[in-house]
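Observations on the model geometry
What follows is each chain in one-letter form.
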Amino acid sequence: MPPYITEFFQRRIGQLLRMVKDHWVRLFFAVVAMVVVAATQVAIPFVLKHVMDDIFVSKDVRMLNLIPLSVIALFLIRGTAMYYQAYLMKYVGEKIIMRLRNRLYNRVQDLPLSFFHKEKTGSLMARITHDVSIVREMISDAMTGLLKDAVMILGLAGYIYVQDWKLAMAATVVLPIAFYPITEFGRRIRRYSTGYQTAMADLSAFLFETFTGNKIVKAFGMEAHEKKRFARKSANLFKHQMKQVIVRALSSPVMDFLGGLGIAFIIWFGGRQVISGTQTVGTFTSFIAAVLLLYDPVRRLSKFNNTIQQGMAAADRVFDIIEHSSDIKQADHPIIVPDCPHRVTFEDVSFAYVADETVLKDIQMDVRPGEILALVGASGGGKTTLVNLIPRFFDVTQGKILIDGMDIRRLSLDSLRRQIAIVTQEPILFNDSVRNNIAYGNRHASDVEIEAAARAAYAHDFVINFPDGYNTLVGELGERLSGGEKQRICIARALLKDAPILILDEATSSLDSESERLVQKALENLMQGRTTFVIAHRLSTVRYADRIVVIDAGRIMEEGNHRDLLDRQGAYFNLCRIQSSKGLAISI
Ligand code: ADP
Ligand code: MG
């Protein structure tokens, strides 16, 4: 066996077979139906033999009636068995694929944020749609076809050997020769297929980017550029596809030619026996018919092998993700965090997204339960990164983060994240109703609660003006929803979650000063009694904070309350001066 077949059997087939196991009842009946189909296939040359010998040669009138009737019965049975075999095998195949697709999606959903930063969205989508469908082709077409053909080949081969083993030997002498092209074609298909699937993922990622970012494409007049880029990727896909087409197109004629060799050999060898009288015309005819029938499934072996190789390449990519281990690991006996105000402590925390590029350095911070901590500083300083460490979107590189004295890596991830409500820098809404977007993470909230949250976030007034009020789909609103409105819906969502730790990452940056002032009040109410991390866009909005921490280049520069920091005339004082000179008035 070539090495790639062993490897393929050991790793991927094993995983796929484990998925087949649950459907063994249907599979069993499918195999029964297959055996019936194969048996009727073998019966065809058998009937032909009697047509020749009994009707044409012996001129038996009784057989003239009996044989056509048995032919009808034969095809009736064959048709029924074919239906059940196809239905049952496809059922199992599709079911396995559905489960594979779900497993893949579940796995991707559970992977850490860093994974989504590394993988392009479009290429992940290609895995779930395109790659899975190639695996489906392999399971529901090739594997099932292979099983059917294997049964048929065994039956027909058995028949010809029983008829005339010497002639059968002659007919099958070409079989070993056929194995070389079968495996060689398969190997190539597998290699080309990997290239094709990579090109496909690349194309999907490109589509995703240029469609979601279409506004920018238009604004910068880059349509022609993107069309050219697409054409290049499309041509690349074509190139990869053609490589496969050539191998697939070649494999049929090559197998055909080998089959032709076999038949020529039989005619020469068997014809001599008939002429010399050691063989009847019927046996010879039925023998040729059996070989012709045999020849189709044998030829298909090559085709199926190609499809299987292609499917294995796709399965590799699918299982690659399923087996992708998460770097955010949950402790063996995770601690459940109770719902109460929490103390959050950073102990010598350092963090790097990529090795050696430290983004946060020696962060030392102790935030009391219910304290409002503001993080300010130039953009790129690491404020977002710092708050992202609290819900473990990323794990610290050094040091530790404690909640009520417990390392967050010892806590149950679920319960940790339940303690945190977050409004992110970019307002993210899903294409669902406004109501469900607000109730996201709190699906059982009542209408009254949802409306109260929306009112507190100053979203209620504009939401009731939507065509369907709270039932309006966000996707339907499209561009009608301004950044500020989106942000207020996101704030309502965080308000409704009602968690003891609140993270506001420039939550009001898209609001105009007037609505910011209103929402600010709502947020201030909300912060009461919660441990709050607020990243400020406008410094005027964090004066009330218990403590202000200035972060620059990943380090804490200064900390204290508004008054003290101003008196100190350091980094905070300078930030305030820059903002007030830009017209973002702040009374000093
Ligand atoms: P701030 O919120 O203060 O503007 P960030 O925390 O967003 O700053 O970014 C801090 C630094 O980390 C920046 O230099 C930024 O380029 C880098 N950074 C942010 N996100 C990532 C990421 N996913 N991968 C690699 N680097 C990142
Ligand atoms: Mg930020």
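For the structure, see preceding data.
For clarity, every value in this text was computed on a predicted model and none was experimentally measured. Along each chain, numbering runs from 1 in the same order as the chain's sequence is written. All chains are assigned letters beginning at A, and all ligands numbers beginning at 1, according to the order in which they are written. For a predicted model such as this one, the threshold for reporting local features is a pLDDT of at least 70, and the threshold for listing and counting side-chain atom pairs is 80 or more; totals across whole chains, interfaces and linings nevertheless cover every residue. Each side-chain value is derived from all of the structure's non-hydrogen atoms; neither hydrogens nor water enter the calculation.

1. Things to note about the sheet that holds strand β4 (residues 398-403)
Taken in spatial order, the 4 strands make up an open sheet running β2-β1-β4-β5, and their pairing is antiparallel. If you trace the sheet from one side to the other, it starts and ends with β2 (358-367) and β5 (406-407), each paired once. A pair of strands is labelled paired if DSSP reports no fewer than 2 bridges between them. Strands are runs of DSSP state E lasting at least 2 residues, helices are runs of H or I lasting at least 4, and numbering of each runs from the N terminus. Examined bridge by bridge, β4 and β5 share 2 bridges and lie antiparallel to one another. Bridge pairing links L402 to D407 in β5.

2. Quick look at the coordination of the magnesium ion (ligand 2)
Around the magnesium ion (ligand 2), the donor atoms from the protein are T384 (OG1) and Q425 (OE1), and they sit 1.9 to 2.5 Å away. Taken together, the residues span a long stretch of sequence, with T384 in helix α11 (residues 383-388) and Q425 in the loop between β6 (420-423) and α13 (434-438) at a distance of 41 residues. For each residue, the accessible area found with a 1.4 Å probe, counting protein chains only, is set against the maximum for its type, and the residue is called buried under 20%, exposed over 50%, and partly exposed in between. You can call T384 partly exposed: its relative accessible area is 27%. Distances decide who is a donor: an N, O or S atom must be within 2.8 Å of the metal, or within 3.2 Å for Na, K and Ca. Water is not included, so sites may look incomplete.

3. A word on the side chain of H562
For H562, the position within the fold is in helix α19 (residues 562-568). Between N or O atoms, a polar contact is any pair within 3.5 Å; within protein, one atom must be a potential hydrogen donor and the other a potential acceptor, and residues adjacent in sequence are included only when both atoms are from side chains. Within the structure, the side chain of H562 is placed 2.9 Å from the side chain of Y572, a separation counted as a polar contact.

4. Structural notes on unusual backbone geometry
Residue D356 is not a glycine yet carries a positive backbone phi of 70 degrees. Of note, R392 is a non-glycine position whose phi angle comes to about 60 degrees, a positive value. With respect to the helices and strands, the residue R392 is situated in the loop between α11 and β4.

5. Some remarks on the site of ligand 1
For this description, a residue counts as near a given molecule or strand if any of its non-hydrogen atoms is within 4 Å of it. Around ligand 1, the surrounding shell consists of H117, Y353, V359, S379, G380, G381, G382, K383, T384 and T385. Between ligand 1 and the protein, one listed contact pairs a nitrogen atom with a side-chain N or O atom of Y353 at 3.4 Å. One nitrogen or oxygen atom from the side chain of T384 is found 2.6 Å from an oxygen atom belonging to ligand 1. Per-residue accessibility takes into account occlusion by the displayed protein chains alone, with areas from the Shrake-Rupley method and a 1.4 Å probe. Considering ligand 1 on its own, with 560 Å² of exposed area, one finds that the protein chains cover 62% of that surface. For the shell around ligand 1, the leading source of residues is α11, giving 3 residues. Following the grouping adopted for this structure description, the nonpolar residues are Ala, Val, Leu, Ile, Met, Phe, Trp, Tyr, Cys and Pro, the charged ones are Asp, Glu, Lys and Arg, and the polar ones are all others, Gly among them. In terms of residue class, the shell around ligand 1 is built from 2 nonpolar, 7 polar and 1 charged.

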